[in-house]
Amino acid sequence: MNILPTSLVRVIESFEKLPGIGPKTAQRLAFYLLRMPDHETREIGKCIIELKQATTLCSFCKHITEEPICNICANPTRDKRRICVVEQSTDLISVEKTGAFHGVYHVLHGALDPLNNIGPDELYLAHLIQRVKQSNQPIEEIILATNPTMEGEATAMYLQKELMKLPNADAITITRLAHGLPVGADLEYADEITLKRALEGRRTY
């Protein structure tokens, strides 16, 4: 016998579907909503509904936007000759926060993962190839900023292979984000793969 009302249980189960939310956290959030004033809970519900209704994907880079073209692609000061390829919009946000990149982006919305039936057709890989082909400005550099995971590496390798097939491939520099030791890390505690990448990506000091 369930000791909680069905409506509350459904909310708890809904929260559990969110990433990083376990059963206890989901329960705390649900009970917190019960204690909130009605107008605040209605506002939260309204915002969630509007989130799905008002947002779309940029026709160029597939970043989340409320307009046909996102603010980054529409910005005339951005260097359209350089494209940084990321897995998710959250990765785009992380790169933007550095203030070190002034080009444009392409969001794949995932990485190749055959075990979970995620192939090239489930991602915006072909769209990137077409975008490079049809660009008004010649693309000079494509930065493969997928995650340093097995899936991210497989995606980067696939993209590199497909990009090299383009007629203008010789004019495009394909780069990969450097992987290595984070600032403040001790060599003693670094794993072998991280150290290997750090050695491979070493530069003149």
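About the cut-offs
Residues numbered from 1 in each chain as written. Predicted model: local features only at pLDDT ≥ 70, side-chain atom pairs only at ≥ 80, totals over all residues. Heavy atoms only, no water. Disulfide = S-S within 2.5 Å. Buried < 20%, exposed > 50% of the residue type's maximum accessible area, 1.4 Å probe, protein only. Pairing = 2+ DSSP bridges. Helix = DSSP H or I, 4+ residues; strand = E, 2+ residues; numbered from the N terminus. Axes fitted to C-alpha atoms, helices over the stretch in contact; angles between N-to-C directions. Contact = heavy atoms within 4.5 Å.

All right, on to the state of the cysteines then. Tallying each qualifying case throughout the model produces zero disulfides. Left without a disulfide partner, Cys-58 is nearest to the cysteine sulfur of Cys-61, which lies 3.8 Å away. The exposure class of Cys-58 is buried, given its relative accessible area of 0%.

With that settled, the discussion passes to the sheet that holds strand β6 (residues 173-176). The four strands are arranged β4-β3-β5-β6 in an open sheet whose pairing can be described as parallel. Two strands bound the open sheet, and with one partner strand each, they are β4 (103-107) and β6. The mean angle between the axes of side-by-side strands here comes to 25 degrees, regardless of whether they run parallel or antiparallel. Alignment of strand β3 (residues 79-86) against β4, held across five bridges, turns out to be parallel. In the sheet register, Val-86 faces β4, and the bridge partner there is Val-107. Contacting β3 and β4, helix α5 (residues 89-98) runs over the sheet at an angle of about 160 degrees to β4. Most of the contacts of helix α6 (residues 125-134) go to β4, to which it runs at about 150 degrees, and overall it touches β3, β4 and β5 (141-144).

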